[in-house]
Amino acid sequence: MKLSKLLAGVSLTIKPEQDIDITNVAYDSRRVTPGALFVCIKGYATDGHLYIDSAIKNGAVAVLVQDAAADTGVLTLQTGDTRKALAQISANFYNHPEKEMKIVGVTGTNGKTTVTTLIKSVLEFTGKKVGLIGTNENMIGSRVLPTERTTPESLELFALFREMADEGTEYVVMEVSSHSLILHRVFGIVFSVGVFTNLTQDHLDFHETMENYFQAKRLLFNTCDVAVLNFDDPAGKRIAEDLACPALSYSIDAESDFTAKNLRISPRGVLFDLQAGDKLLPARLGIPGKFSAYNALAALSTCVALGITPEKVIEALLVAKGVKGRAETVYTRTDYTVLIDYAHTPDGLENIISTVKEFSQGRVVTLFGCGGDRDPVKRPIMGEIAGKLSDYCIITSDNPRTEDPMTIIRQVEEGMKRTTCAYTVIENRRDAIRYALETAQKNDCIILAGKGHETYQIIGTEKRHFDEREVIRDILAGTDSQ
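Residues numbered from 1 in each chain as written. Predicted model: local features only at pLDDT ≥ 70, side-chain atom pairs only at ≥ 80, totals over all residues. Heavy atoms only, no water.

**Student:** Can you explain helix 12 (residues 346-357)? Please cite residues and give values.
**Tutor:** Between its terminal C-alpha atoms helix 12 stretches 17 Å, which fits the 16 Å expected from 12 residues at 1.5 Å a residue. Every buried residue of helix 12 is listed here: P346, D347, G348, L349, I352, I353, T355 and V356. For helix 12, the secondary structure elements touched by its buried residues are helix 10 (290-305), strand 18 (337-341), strand 19 (364-368), helix 13 (378-389) and strand 22 (445-449). (Helix = DSSP H or I, 4+ residues; strand = E, 2+ residues; numbered from the N terminus. Expected span 1.5 Å × (residues − 1). Buried < 20%, exposed > 50% of the residue type's maximum accessible area, 1.4 Å probe, protein only. Contact = heavy atoms within 4.5 Å.)

**Student:** How would you sum up the packing of aromatic side chains? Please name residues and give values.
**Tutor:** In total, this model carries two aromatic pairs according to the counting rule given. Between F93 and Y94 the ring centres are 5.1 Å apart and the planes differ by 90°, which places this aromatic pair in the edge-to-face class. Judged by relative accessible area, F93 falls into the buried class, the value being 17%. Between F158 and F161 the ring centres are 5.6 Å apart and the planes differ by 90°, which places this aromatic pair in the edge-to-face class. (Phe/Tyr/Trp six-rings, centres within 6.5 Å; stacked < 30°, edge-to-face > 60°.)

**Student:** Give me the pattern of salt bridges: which residues, what numbers.
**Tutor:** Throughout the structure, instances matching the rule amount to 27 salt bridges. For D166, the salt bridge is made with R162, and the minimal N-O distance between the two is 2.9 Å. Of this pair, D166 and R162 are both found in helix 5 (residues 154-166), four residues apart, which corresponds to roughly one turn of the helix. Accessibility expressed as a relative area gives 55% for D166, which makes it exposed. A salt bridge links R464 to E462, with the nearest nitrogen and oxygen atoms 3.3 Å apart. We classify R464 as partly exposed; its relative accessible area is 38%. Here E462 falls in the partly exposed class, since its relative accessible area comes to 43%. Several salt bridges converge on common partners, so that one network encompasses R83, E153 and R185. (Salt bridge = Lys/Arg side-chain N within 4 Å of Asp/Glu carboxyl O.)

**Student:** Please provide a residue-by-residue account of the pairing of strand 15 (residues 269-276), values included.
**Tutor:** Each regular strand carries side chains that alternate between the two faces of the sheet. In terms of residue burial, strand 15 counts as a mostly covered element, since six of its eight residues are buried. Pairing geometry for strand 14 (residues 258-266) and strand 15, over seven bridges, is antiparallel. Each residue of the ladder has a partner; that of R264, found in strand 15, is L271. From the end of strand 14 to the start of strand 15, which pair antiparallel, there are two residues. Note that strand 15 and strand 16 (residues 279-285) share seven bridges and pair antiparallel. Looking across to strand 16, one finds that F272 is bridged to A283. (Pairing = 2+ DSSP bridges.)

None of this, on its own, says anything about what the molecule does.
Below, the structure written as structure tokens:
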């Protein structure tokens, strides 16, 4: 591709002196191939400007910088924001696949994975071919693709869009993280529908304040055709106050376009009557918990915005499946229940424990930890929430990363000690699960919170295989040797 075509729409402060052919685009010098354009991204761990020489050695014929650079020996261009430029360049390089499909973006602290999965299920129920991009996995129809982060970097994202478009995908439903909005990974994309689920404390290690976190989420709604907003969350109403596009609202308690009335919760799911204008329609989703009603409402509102009738959406939700690691019951052949959930925020932990308390006939035992190198403020908050709502707690390790696991645990304990809940500390997560199973009583419900769909632990900088389903199976079968 000619450099001029690749740079279309990019604002340059230093422009190219010649129009050369570019064979590839890279922002990681290790992925540079001969004839490539190397884009220098300023990250939080490192700076792409430090790797210009490496990129040129690997074959880069042009370099795009944000900071002034010394003579590189190749064509050197400059722009005010290389992250925005990378997104525009990526769209150009892959011939704008985002314009060939309708894209739905879902943002919020909790519920993104379930909401995107439910929207995909409903669209497929009506015969559409759908792509999914999210925390658990990326998918084209039923084909699963690997994923490294909730929202890919723009270069990988547009490559994925191109693959989806080439396979005839009509809709893409994607999780849009606050990080991706601030870091311009989705810059330039016009979303057919932007969805807001909720806002609770998370990622303050990155955003520093809740206001910054809110403003990051809000960015999605500057670039969508229709907004779908949770009106039971003050942040949802706040977004609605300053919108340049039409909006649909959903709620359980507030006045909204789609409201769940007469909510009933059981171990088998949620039932409610959907108030949609003058219509009152019975609805059901086979995933337990009040949060499941919110997720169903978000998916329903989105699909209506895409032109599907409420009646058809309700029909599709009847057969929709849950998401791995979200209120997932593990089959154990015991007289107690084990449930795995990704809850790793204060709100997420409160939701899953409250849900289980609604149907548990025995004790609610919560096993959890907090991730290292992440927001430390939420650790005592989560400890207090778990202590207030559970009958017994086991504090253990999650993904400690480069932090000392016991330091994290002691911070969780600060909140736990504000409650009267009995608890124990077992640093090793496998040992903690073994203890939970060995001490379980009849009708107990054991919640393993924090890992969810993850099949690994990050200890130090090493990612080690750790699937809680396998751990449970091996412990109960007596084959666990670690």
